[in-house]
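# Observations on chain architecture
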Amino acid sequence: MKVKMLSRNPDNYVRETKLDLQRVPRNYDPTLHPFEVSREYVRALNATKLERVFAKPFLASLDGHRDGVNCLAKHPKSLATVLSGACDGEVRIWNLTKRKCIRTIQAHEGFVRGICTRFCGTSFFTVGDDKTVKQWKMDAPGYGEEEEPLHTILGKTVYTGIDHHWKDPAFATCGQQVDIWDEQRTNPICSMTWGFDSINSVKFNPIETFLLGSCASDRNIVLYDMRQATPLKKVILDMRTNTICWNPMEAFIFTAANEDYNLYTFDMRALDTPVMVHMDHVSAVLDVDYCPTGKEFVSASFDKSIRIFPVDRSRSREVYHTKRMQHVICVRWTADSKYIMCGSDEMNIRLWKANASEKLGVLASRERAAQDYNQKLKEKFQHHPNIKRIARHRHLPKSIYSQIQEQRIMREARRRKELNRRKHSKPGSVPVVSERKKHVVAVVK
């Protein structure tokens, strides 16, 4: 005779202490859980609502400048150190942990047009309206020492931008032309130009470090090869580009901030068509900076707001603004990818969270697991109408909201006019031009 007995090991379900979690045996057979999707949808909806409830991105305002903040720079080794240059020639070094200014330098007469740090973090360079390039020590002078630059280069023209090489003791300036400098010399190693207009900004590629790009007032974006000391190719857009930024993870990708309210992501191997056109701003885009992960970038605009764009989407996922914030001139993403800094006309530097609802500080393991679970649920149901509506909704200032409506009407009118022209013209005489190709005038090699 066989007797079937239930045999259970108490170690599988008995808690060792009352603080332990109660172990619950579960059968994952989907036929036994017919309402699993419904429960997950409710959880995803609640998680999306709570994300908007806890969205408080603004962290701090660093005030102290007596004129508009014109440029920002990150320290390559220290997360807490930030440098800023103002329109009155003053440079300040900030400690983000203490949220205080730790050093003030009267660097130039007139605007500080550009600021960049050396790759090792021991010094930084500034250029200004007084036609000088100055190198400064990162550390404050000792007791009894005066605040003086390490080197000063007197130029013949006004410099409008500067950027340092990522590995070598060399830097590039721009103005009437792009100059490559050795730190030990007072004359440029080489000068490169293509056209006759002034150049707004110059940026080194962080991966292929011998490549650099510049944008000029004649609507050109020009790429240079430092090894050959010659321009490679240029792309001409409909309107002027204010600055560019290279993707730190993909060597050939860069994003351009344009005067026509858009940002254009290009692959330098095929400049005739942008990879993506990013549209949401309602005024000229003045600055752009990539997240260290290379998956997102932040843009600063004349419309008094900053926006965060995923690289593969044409619309922004986030918009930040305050009542007091005026035209945003410069923006930077910190090296730990958690924070964003922006400098604006009304003399303040603002610190924001990159993810508006992210909880700061140390997370318990269960808390982190719950956050990961909620994030996966939101991704799973992101296209459901209710969840999509709640996640997408943002309060905007009245000026931006009304301009968005106006832009929408103008876009629709242009589309309708083009359709009518095509309808009443000879077949093939009015070609269909995609949005990506509309804004590129020519590519010159």
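Residues numbered from 1 in each chain as written. Predicted model: local features only at pLDDT ≥ 70, side-chain atom pairs only at ≥ 80, totals over all residues. Heavy atoms only, no water.

## So, the UniProt feature "domain: Sof1-like protein" (unreviewed entry) in the protein chain
Let me state the cut-off plainly: UniProt positions are given in the numbering used here, feature names are shortened, and annotations may be inferred rather than shown by experiment. A run of DSSP states H or I qualifies as a helix once it reaches four residues; a run of E qualifies as a strand once it reaches two. Both are numbered from the N-terminal end.
UniProt records the feature "domain: Sof1-like protein" (unreviewed entry) for residues 354-440 in the present numbering. With 62% helix and 1% strand, residues 354-440 has its two end C-alpha atoms placed 31 Å apart.

## Observations regarding the sheet that holds strand β9 (residues 151-154)
Let me state the cut-off plainly: Two strands pair if DSSP finds at least two bridges between them. Lines are fitted to the C-alpha atoms to define the axes, a helix being fitted only along its stretch in contact, and any angle between axes, read from their N-to-C directions, falls within 0 to 180 degrees.
With antiparallel pairing, 4 strands are arranged side by side in an open sheet as β6-β7-β8-β9. The sheet is open, and its two edges are formed by β6 (112-117) and β9, each paired on a single side. Averaged over neighbouring strand pairs, the angle between their axes works out to 15° when direction is ignored. Judged from the 5 bridges that link them, strand β7 (residues 123-128) and strand β8 (residues 132-137) form a sheet pairing that is antiparallel. The residue of β8 that forms the bridge with F124 is W136.

## Things to note about the environment of D130
Rule in force here: Whether two residues are in contact is decided by their heavy atoms: any pair within 4.5 Å suffices. Any pair of N or O atoms that falls within 3.5 Å is considered a polar contact. Within protein, one atom must be able to donate a hydrogen and the other to accept it, and sequence-neighbouring residues count only if both atoms are side-chain atoms.
Take D130: it is sitting in the loop between β7 and β8. Apart from residues lying up to four places away in sequence, D130 is in contact with H108 and E109. Looking at D130, its side chain comes within polar contact range of the main-chain nitrogen of E109, at 3.3 Å. A distance of 2.8 Å separates polar atoms of two side chains, one belonging to D130 and the other to T132.

## Overview of the pattern of salt bridges
Our working rule: What counts as a salt bridge is simple: a side-chain nitrogen of Lys or Arg found within 4 Å of a carboxyl oxygen of Asp or Glu. Only protein chains enter the area calculation, which uses a 1.4 Å probe; residues under 20% of their type maximum are buried, those over 50% are exposed, and those in between are partly exposed.
This structure, assessed with the given rule, holds 23 salt bridges. Here K380 and E40 are joined by a salt bridge, their closest N and O atoms 2.7 Å apart. Pair noted here: K380 is in helix α2 (residues 365-380) and E40 is in helix α1 (residues 36-53), with a separation of 340 residues, a long-range link. With a relative accessible area of 52%, K380 lands in the exposed category. The exposure class assigned to E40 is buried, which follows from its relative accessible area of 13%. Linked through salt bridges whose partners overlap, the residues forming this network are R66, E90 and R92.

## Some thoughts on the side chain of D267
Relative to the assigned elements, D267 resides in strand β20 (residues 262-267). Polar side-chain contacts of D267 include one of 2.8 Å to the side chain of R269. When sequence neighbours within four positions are dropped, the list of residues in contact with D267 reads F252, I253 and V275.

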